[in-house]
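Observations on the model geometry
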Amino acid sequence: MGKVSKDSTGEPIEGPGFEGRYGETGGYTIGFEKYSEHADMTPLFVGLPDDRCQSPHWGYVFRGKLLYHTADGDIEVTDGEAYYVGPGHTPEIFPDTEIVEFSPTADFQQTMDVVGKNMGSMG
């Protein structure tokens, strides 16, 4: 059995209005994320198929609201709700949101490689 906690993930990844802590166990990346500002992440996925995230995610919203934009419509998730979103989405996250999210590490890493390049080119 593997386990991950916020405290066991090491240093956070930080950006304007964002803090994320990530750990891996059992082939899944577990992310503990906090947002203090609105974030429409659509530009970060440019270059992936259909310019959308290609990793599935399972998660839980402790507080706040997130919106997944998909080809089939939007999925809104708020306080106290668990969710699943498949490949082919872009996330929009609202201020004062805190989530935990589970993603298959291989799919997540392929997506994050592109996200990292896009973040670097945005300055």
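Below or above, wherever it landed, is the structure these notes cover. (Residues numbered from 1 in each chain as written. Predicted model: local features only at pLDDT ≥ 70, side-chain atom pairs only at ≥ 80, totals over all residues. Heavy atoms only, no water.)

With respect to the packing of aromatic side chains
Worth spelling out the cut-off: Stacked, edge-to-face and tilted are the three classes for Phe, Tyr and Trp ring pairs, Trp counted by its six-membered ring, which pair at centre distances within 6.5 Å; planes under 30 degrees apart are stacked, over 60 edge-to-face, the rest tilted. Put simply, DSSP H or I for four residues or longer makes a helix, DSSP E for two residues or longer makes a strand, and each gets a number counted from the N terminus. Here's how the labels work: a residue is buried when its accessible area is under 20% of the maximum for its type, exposed when over 50%, partly exposed in between, all with a 1.4 Å probe on protein chains only. Here, a charge over a ring means that NZ of Lys or CZ of Arg falls within 6 Å of the ring centre while also lying within 35 degrees of the ring normal.
Counted under the stated rule, the structure contains 6 aromatic pairs. With a centroid separation of 6.1 Å and 70 degrees between ring planes, the pair formed by Tyr28 and Trp58 is classed as edge-to-face. Residue Tyr28 is found in strand β3 (residues 28-35), and its partner Trp58 is found in strand β5 (residues 57-63); the two are separated by 30 residues along the sequence. A residue is classified by how much of its surface remains accessible, and Tyr28, at 35% relative accessible area, is partly exposed. Among the aromatic residues, those joined into a ring-pair cluster are Tyr28, Trp58 and Tyr84. Note that Lys65 overlies the ring of Phe94, its terminal NZ or CZ placed 4.3 Å from the centroid.

A few points about the environment of Tyr28
Cut-off, in case you're wondering: Only heavy atoms enter the contact rule, under which two residues are in contact if any of them lie within 4.5 Å.
Considered as a pair, Tyr28 and Lys6 are 22 residues apart in the sequence and their alpha carbons are 15 Å apart. The contacts of Tyr28, once residues within four sequence positions are left out, are Gly23, Trp58, Phe102, Ser103, Pro104 and Thr105.

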